[in-house]
2 protein chains.
Amino acid sequence: MIHPIILCGGSGTRLWPRSRAAAPKPFIPLVGDNTLFQATLARCQNREIFAAPMVVAGQSHLDHVIAQSASLPDIQIIVEPTAKNTAPAIALAACRLPADAIMLVCPSDHYIADQAAFVRAAQAASKLAGDDWLVGFGIEPDRPETGYGYILQGEEIAGGYRIDRYVEKPDQTRAEAFLEEGCYSWNGGIFAFRAGAFLRELALHRPDMANAVQQSVAQGTKDGPIFHPEPQQFGKIDGESVDYAVMENTRHAAMVPAKMGWSDIGNWQALRDARPSDERGNAIFGRGEMIDCTNVMVDSDGPRVSVVGLDDVMVVVDGDEILVVSASGAQKVGTLTGAKSG
Amino acid sequence: MIHPIILCGGSGTRLWPRSRAAAPKPFIPLVGDNTLFQATLARCQNREIFAAPMVVAGQSHLDHVIAQSASLPDIQIIVEPTAKNTAPAIALAACRLPADAIMLVCPSDHYIADQAAFVRAAQAASKLAGDDWLVGFGIEPDRPETGYGYILQGEEIAGGYRIDRYVEKPDQTRAEAFLEEGCYSWNGGIFAFRAGAFLRELALHRPDMANAVQQSVAQGTKDGPIFHPEPQQFGKIDGESVDYAVMENTRHAAMVPAKMGWSDIGNWQALRDARPSDERGNAIFGRGEMIDCTNVMVDSDGPRVSVVGLDDVMVVVDGDEILVVSASGAQKVGTLTGAKSG
């Protein structure tokens, strides 16, 4: 059995004004009728393959998590006392599982078009994890993306590849070279670990963090399906991503290639690309009209939006906030005053 | 004395959604605090040069005209029974004036930055009109504009030039050639006529129209400062512009060159260009924020508008209508569903 560990972190400010503090990215319907969180749960719903999911979320997300997982009576929830990035969050889950449990760590705010391919990759990764590899999903790139970290594929092993190294977000020239070379894939933020193997590697490379998490779990309290780690121990941790804390340090890093229509829905451009559009690339959600437009997305919760003579632009209306952003500007939405104030 | 004849026609649909049936273009503040109608009146306020203005307006504009001219007790208003374009509207005014009165016909929805230059041109045009020339203002072009009709300047006469001919809106190549050649100017829609001379030329080239207007005025009724021409006679007229009906036919067409910061504010691009902007060409009216923008105008009556990574785009919010339009798309705004339904 594979234990899905669903991480609910991040603020999604680059999807402001639709994603806001009160309604963050995983919990709003962005692609189709389900929220990204609901879709993440649904991907792991086959109980012949997946055990009951375990969700790690902050206190501010808890109501959303409970409301949107009501159909899963066997779900378990761990409430992070404070946000400390992914390594401590995963460690909390690992401490709550038997050492031999295979964890599949999934962000709650990604989109995956091909469910079957996801399950196949999950099974391949879990098999490697059973042999104590720390396994990342390597998403096959289809464009020279500069917004993602990359994984350089190393020597082939049974069912996957060693990871040669992690590469920071490249510039355009390097991203094009990566695509050309073919041995680079995107770091999709999805991982498979044997719980005991993860904690062993964490203890090796981040002993303070491993120790603090273990004490925080040992002193934690349980309230039905909800587990509250002890906050003081957890609060001492220096927050760090699992990539930095573990994957880039361990000698047992492996990857499985995955081609599954993945997107991190990291900004309005990515969201537009994941959504259906007409033959000119245009899409209207809510009320709108377009003349002489290509690759334009309108997403309005009320007012009619009329667009004339634009290419590659997204217009978003949410209450009393209106965003108009070019594809090239999408990465900067999070720096707007409105996005920063939630 | 020069008699200002202020024409309030046109729907301004290309400035939708700010300009609507209930609040049409001349009567909303578009540049500065005054409306274009108020600014048109203010340009002719020097009573040593200008007589009391006479406004020709449709019934639907009457309330706006009265409300926005309350400070002018001597104003006269002619209510067009139906909209018949500019030639009949001007003829109505001409019939209500002594034959020797010099009329200065001014659209109510244009913008003129340089008031002193306007007055100088008006005086020059009126002098020519006193010699029975039918005089148009020829606006000196500063760009190869394809949205305006042009006037080809002919032989010099005292105080101006004969008009060689009128030229329809050109394509880009011809507009560039016109600018290069230097003897073409924009038809600004501003005219000076001796009332009797105008009516004589109208009777010569459009006898039916001249006759119908004269009968309509003869049978009209006066209600204080408001004159109502008889509607049945007026309704029989085939509507036509003064350019087509008179200026292109008369052998007495003349022009005075005018360089006065003129704009017809014909669409959102023209309005943006007439308004102040910062050193990057950006301007925010209402609440807004911009990142990586150039030549962007935001005009919102309520919601905050955040724009990222765009050039040469206008965003307009008016109630529950939002318009996003490129400079090149500005001419097509009037064809939007919202603009057509007012």
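Predicted model only: the values in this text are computed from it and were never measured.

Draft legend 1. Just the relation of the copies chain B and chain A, in detail. Taken as rigid bodies, chain B and chain A are interconverted by a rotation of 179° and an axial shift of 0.0 Å, the fit giving an RMSD of 0.1 Å. The superposition of one copy onto the other is thereby described by a two-fold rotation axis. Looking at the rotation axis and the C-alpha trace of chain B, the residue lying nearest is V324 of chain B, at 4.1 Å. With an isologous cut-off of 70% or more, the 100% of interface residues of chain B that recur at the interface of chain A puts this contact in the isologous class.

Draft legend 2. View of the environment of G266 of chain A. All names here are of chain A. Mapped onto the elements of the fold, G266 is located in the loop between β13 (262–263) and α10 (268–274). A sequence separation of 265 residues divides G266 from M1, and the C-alpha atoms of the two residues are 30 Å apart. Other than its neighbours up to four places away in sequence, G266 contacts R14 and G147.

Draft legend 3. Looking closely at helix α7 (residues 207–218) of chain A. Residue and element names in this part refer to chain A. Between its first and last C-alpha, α7 extends 16 Å over 12 residues, near the 16 Å set by a 1.5 Å rise per residue. All buried positions along α7 are accounted for by M209, A210, A212, V213, S216 and V217. One side of α7 carries all its buried residues, which in axial view fall inside an arc of 165°. Opposite its buried face, α7 presents the exposed residues P207, D208 and A218, each directed more than 90 degrees away. Here the buried face of α7 lies against α3 (86–95), α6 (195–205), α8 (231–235) and α9 (242–247).

Draft legend 4. How the structure looks around the domain arrangement of chain A. Each domain of chain A was delimited in the assignment, giving domain 1 (2–263) and domain 2 (268–340). At the interface, 11 residues of domain 1 of chain A touch 18 residues of domain 2 of chain A.

Draft legend 5. A look at the confidence of the model for chain A. Scored by pLDDT, chain A comes out at a mean of 96, with 100% of its residues at no less than 70. Of the two predicted TM-score estimates for the complex, the pTM is 0.91 and the ipTM is 0.91.

Draft legend 6. Inspection of the pairing of strand β17 (residues 304–308) of chain A at higher detail. The buried fraction of β17 of chain A is high, at 5 of 5 residues. Judged by which residues are buried, β17 of chain A turns out to be covered on both faces: R304, S306 and V308 of chain A on one side and V305 and V307 of chain A on the other are all buried. As paired elements, strand β15 (residues 288–291) of chain A and β17 of chain A share 4 bridges and run parallel to each other. Bridge pairing links M290 of chain A to V307 of chain A in β17 of chain A. As paired elements, β17 of chain A and strand β19 (residues 321–326) of chain B share 5 bridges and run parallel to each other. Along β19 of chain B, the bridge assignment pairs V308 of chain A with V325 of chain B.

Draft legend 7. Structural detail: the interface of chain B and chain A. With 30 residues of chain B in contact, the opposing surface of chain A contributes 30 residues. Residue assignment for the side of chain B that touches chain A shows that the elements contributing at least two residues are β15 (288–291), β17 (304–308), β18 (313–318), β19 and α11 (337–340) of chain B. Considering each element in turn, the side of chain B that touches chain A owes the most residues, 6 residues, to β19 of chain B.

Draft legend 8. Representation of the pairing of strand β2 (residues 54–58) of chain A in the model. All names here are of chain A. For β2, the buried fraction is high: 4 of the 5 residues fall into the buried class. Relative to β2, strand β1 (residues 2–8) is paired through 4 bridges, and the arrangement is parallel. Residue C8 lies in a different strand from β2, and its bridge partner there is A57. Crossover handedness for the path β1 to helix α1 (residues 36–43) to β2: right-handed. Two elements, β2 and strand β3 (residues 76–80), share 5 bridges in a ladder whose sense is parallel. Note on β3: the bridge partner recorded for V56 is I78. Following the backbone out of β2, through helix α2 (residues 62–68) and into the adjacent parallel β3, one traces a crossover that is right-handed.

Draft legend 9. Just the sheet that holds strand β16 (residues 297–300) of chain B, in detail. Taken in spatial order, the 6 strands make up an open sheet running β15(A)-β17(A)-β19(B)-β18(B)-β16(B)-β14(B), and their pairing is mixed. Two strands bound the open sheet, and with one partner strand each, they are β15 of chain A together with β14 (283–285) of chain B. In this sheet, adjacent strand axes meet at a mean angle of 5° when their direction is disregarded. Bridge count for β14 of chain B against β16 of chain B is 3 bridges, and the pairing is parallel. Pairing of F285 of chain B across the sheet is with D299 of chain B, part of β16 of chain B.

Draft legend 10. Structural view of unusual backbone geometry. Of note, the bond from W16 of chain A into P17 of chain A is cis; its omega dihedral lies within 30 degrees of zero at 5°. Take P17 of chain A: it is sitting in the loop between β1 and α1. Of note in the backbone geometry, D312 of chain A takes a positive phi value of approximately 65° without being a glycine. Given 19 C-beta atoms within a 10 Å radius, D312 of chain A is considered partly exposed. One non-glycine residue with positive phi stands out, namely I265 of chain B, at about 45°.

Draft legend 11. Looking closely at the sheet that holds β17 of chain B. With mixed pairing, 6 strands are arranged side by side in an open sheet as β14(A)-β16(A)-β18(A)-β19(A)-β17(B)-β15(B). If you trace the sheet from one side to the other, it starts and ends with β14 (283–285) of chain A together with β15 of chain B, each paired once. Strand-to-strand twist of the sheet, defined as the mean angle between neighbouring strand axes without regard to direction, takes the value 5°. Examined bridge by bridge, strand β16 (residues 297–300) of chain A and strand β18 (residues 313–318) of chain A share 4 bridges and lie parallel to one another. Its bridge partner being in β18 of chain A, D299 of chain A is matched across the sheet by V316 of chain A.

Calculation rules
- Residues numbered from 1 in each chain as written.
- Chains lettered and ligands numbered in written order.
- Predicted model: local features only at pLDDT ≥ 70, side-chain atom pairs only at ≥ 80, totals over all residues.
- Least-squares fit on C-alpha atoms with pLDDT ≥ 70 in both.
- Contact = placed C-beta atoms within 7 Å.
- Helix = DSSP H or I, 4+ residues; strand = E, 2+ residues; numbered from the N terminus.
- Expected span 1.5 Å × (residues − 1).
- Buried ≥ 20, exposed ≤ 12 C-beta atoms within 10 Å, placed from the backbone.
- Arc of directions from axis to C-beta.
- Domains from an automatic or database assignment.
- pLDDT = per-residue confidence, 0-100.
- Pairing = 2+ DSSP bridges.
- Right-handed = clockwise from strand over helix to strand, strands pointing away.
- Axes fitted to C-alpha atoms, helices over the stretch in contact; angles between N-to-C directions.

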